[in-house]
Amino acid sequence: MTPRTSTPGRAPAAATGFLVGGAAGFLLTEAVAVLVGLALGEPLDVGGGGPLRAVLVAAVLLCALAGALGGLRRAGRPGPRPEGGR
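Keep in mind the model is a prediction, meaning the values are calculated, not measured. (Residues numbered from 1 in each chain as written. Predicted model: local features only at pLDDT ≥ 70, side-chain atom pairs only at ≥ 80, totals over all residues. Heavy atoms only, no water.)

**Student:** Help me understand the overall build of the protein chain, please; the structure alone is not making it clear to me.
**Tutor:** The secondary structure content of the protein chain amounts to 2 helices and 0 strands. Counting every position in the protein chain, which comprises 86 residues, the buried fraction comes to 15%. For the protein chain, contacts bridging at least 24 residues in sequence account for 75% of all contacts bridging at least 6. With an accessible surface of roughly 6,700 Å², the protein chain has 68% of that area assigned to carbon and sulfur atoms. (Helix = DSSP H or I, 4+ residues; strand = E, 2+ residues; numbered from the N terminus. Buried < 20%, exposed > 50% of the residue type's maximum accessible area, 1.4 Å probe, protein only. Contact = heavy atoms within 4.5 Å. Areas by Shrake-Rupley, 256 points an atom, 1.4 Å probe, with all protein chains shown as cover.)

**Student:** Would you mind going over helix H1 (residues 10-40) with me for this structure?
**Tutor:** Quick reminder: α-helices carry 3.6 residues per turn. Residues three or four places apart thus point the same way. The first and last C-alpha atoms of H1 sit 44 Å apart over 31 residues, in line with the 45 Å expected at 1.5 Å per residue. Every buried residue belonging to H1 is among Arg-10, Ala-14, Gly-17, Gly-21, Gly-22, Gly-25, Thr-29 and Gly-37, and all of these are buried. On the buried face of H1, the contacting elements are helix H2 (51-76). (Expected span 1.5 Å × (residues − 1).)

**Student:** Explanation requested: the packing of H1 against H2 in the structure shown.
**Tutor:** A pair of packed helices is characterised by two quantities: the angle between their axes and the separation of those axes. Packing of H1 against H2 brings their axes to within 6 Å, and their N-to-C directions diverge by 145°. Note on packing geometry: the crossing formed by H1 with H2 is right-handed. Counted together, Arg-10, Ala-13, Ala-14, Gly-17, Phe-18, Gly-21, Gly-22, Gly-25, Phe-26, Leu-28 and Thr-29 of H1 and Leu-56, Ala-59, Val-60, Cys-63, Ala-64, Leu-65, Gly-67, Ala-68, Gly-71, Leu-72, Ala-75 and Gly-76 of H2 form the full contact between these two elements. Residue composition of the contact of H1 with H2, grouped by class: 14 nonpolar, 8 polar and 1 charged. (Axes fitted to C-alpha atoms, helices over the stretch in contact; angles between N-to-C directions. Left-handed = near helix turned anticlockwise from the far one by under 90°. Nonpolar A, V, L, I, M, F, W, Y, C, P; charged D, E, K, R; others polar.)

Bear in mind that shape data such as this cannot, by itself, settle questions of function.
Right, dumping it as structure tokens:
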């Protein structure tokens with residue numbers, strides 16, 4: 001019996017999920033920054049580092065990891081059956 005890690009297409013699916021999740025995380029953090037900037041009347045300042053920058057980086061990384069896990073789960077599922085197959 002072969003391990004599940006040898007299923008073809010899992011690495012590209014994980015890489016694609018990682019990139020898509022990272023992009024979604026970036027858009028999420030940018031949207032939050034714009035909304036908070038509008039509510040406060042001034043833009044967020046993360047140039048000096050600190051906890052705010054760490055939270056924004058962590059949010060992007062968590063979204064990227066969630067995307068990679070989603071890609072792995074999707075790659076592990078059997079594909080559509082050919083027409084007429086059982």
